[in-house]
Amino acid sequence: MPIYALYSKNSNHSIEAKDKKEAIKKAKDFAEQQEIKAYLVMNSRADVVCAVDESEGENT
């Protein structure tokens, strides 16, 4: 299974997912659980798959 990475200001997390759609869902669930408001999801080639910023003006 491909590995994706979630990068945020204070942490990095690897995600195993069969495709981009599943990786984005797992990243969203993880971010909500950890209360991460801004993050990038990247694939193994370092292509940005998803970028989220719900920080509402906070420094990220």
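Here the structure is shown first, and the text comes after it.
What comes next concerns the included structure.

Reading the values: the criteria
Residues numbered from 1 in each chain as written. Predicted model: local features only at pLDDT ≥ 70, side-chain atom pairs only at ≥ 80, totals over all residues. Heavy atoms only, no water. Helix = DSSP H or I, 4+ residues; strand = E, 2+ residues; numbered from the N terminus. Rg over C-alpha atoms; globule rule 2.2 N^0.38 Å. Buried < 20%, exposed > 50% of the residue type's maximum accessible area, 1.4 Å probe, protein only. Contact = heavy atoms within 4.5 Å. Areas by Shrake-Rupley, 256 points an atom, 1.4 Å probe, with all protein chains shown as cover. Lys, Arg positive; Asp, Glu negative; His and termini not counted. Charge placed at Lys NZ, Arg CZ, Asp CG, Glu CD. Salt bridge = Lys/Arg side-chain N within 4 Å of Asp/Glu carboxyl O.

Another aspect to go through is the overall build of the chain. When you go through the chain residue by residue, the secondary structure sums to one helix and four strands. The N-to-C order of helical and strand elements in the chain reads β-β-α-β-β. For 60 residues, the compact-globule formula gives about 10 Å, and the C-alpha radius of gyration of the chain, at 11 Å, lands near that figure. Summarising its shape, the C-alpha atoms of the chain cover approximately 35 × 20 × 15 Å along the three principal directions. A total of 60 residues make up the chain; the buried ones form 33% of that total. Taking as baseline every contact in the chain between residues at least 6 positions apart, the subset at least 24 positions apart corresponds to 32%. Put simply, the chain shows about 4500 Å² of open surface, and 44% of that area lies on carbon and sulfur atoms. Between the averaged position of the 9 positive side-chain charges in the chain and that of its 11 negative side-chain charges there is a distance of 6 Å.

This next bit is on the side chain of serine 55. Tracing the chain through its elements places serine 55 in the segment after strand 4 (48-53). Relative accessible area serves as the criterion here: at 4%, serine 55 is assigned to the buried category.

As a further point, take the pattern of salt bridges. The final tally for this structure, using the stated rule, is four salt bridges. A salt bridge links glutamate 22 to lysine 26, with the shortest nitrogen-to-oxygen separation between them at 3.7 Å. Pair noted here: glutamate 22 and lysine 26 are both in helix 1 (residues 20-34), with a separation of four residues, about one helical turn. Taking relative accessible area as the criterion, lysine 26 reaches 35% and is therefore assigned partly exposed. Residue lysine 28 is joined to glutamate 32 by a salt bridge in which the shortest nitrogen-to-oxygen separation is 3.9 Å.

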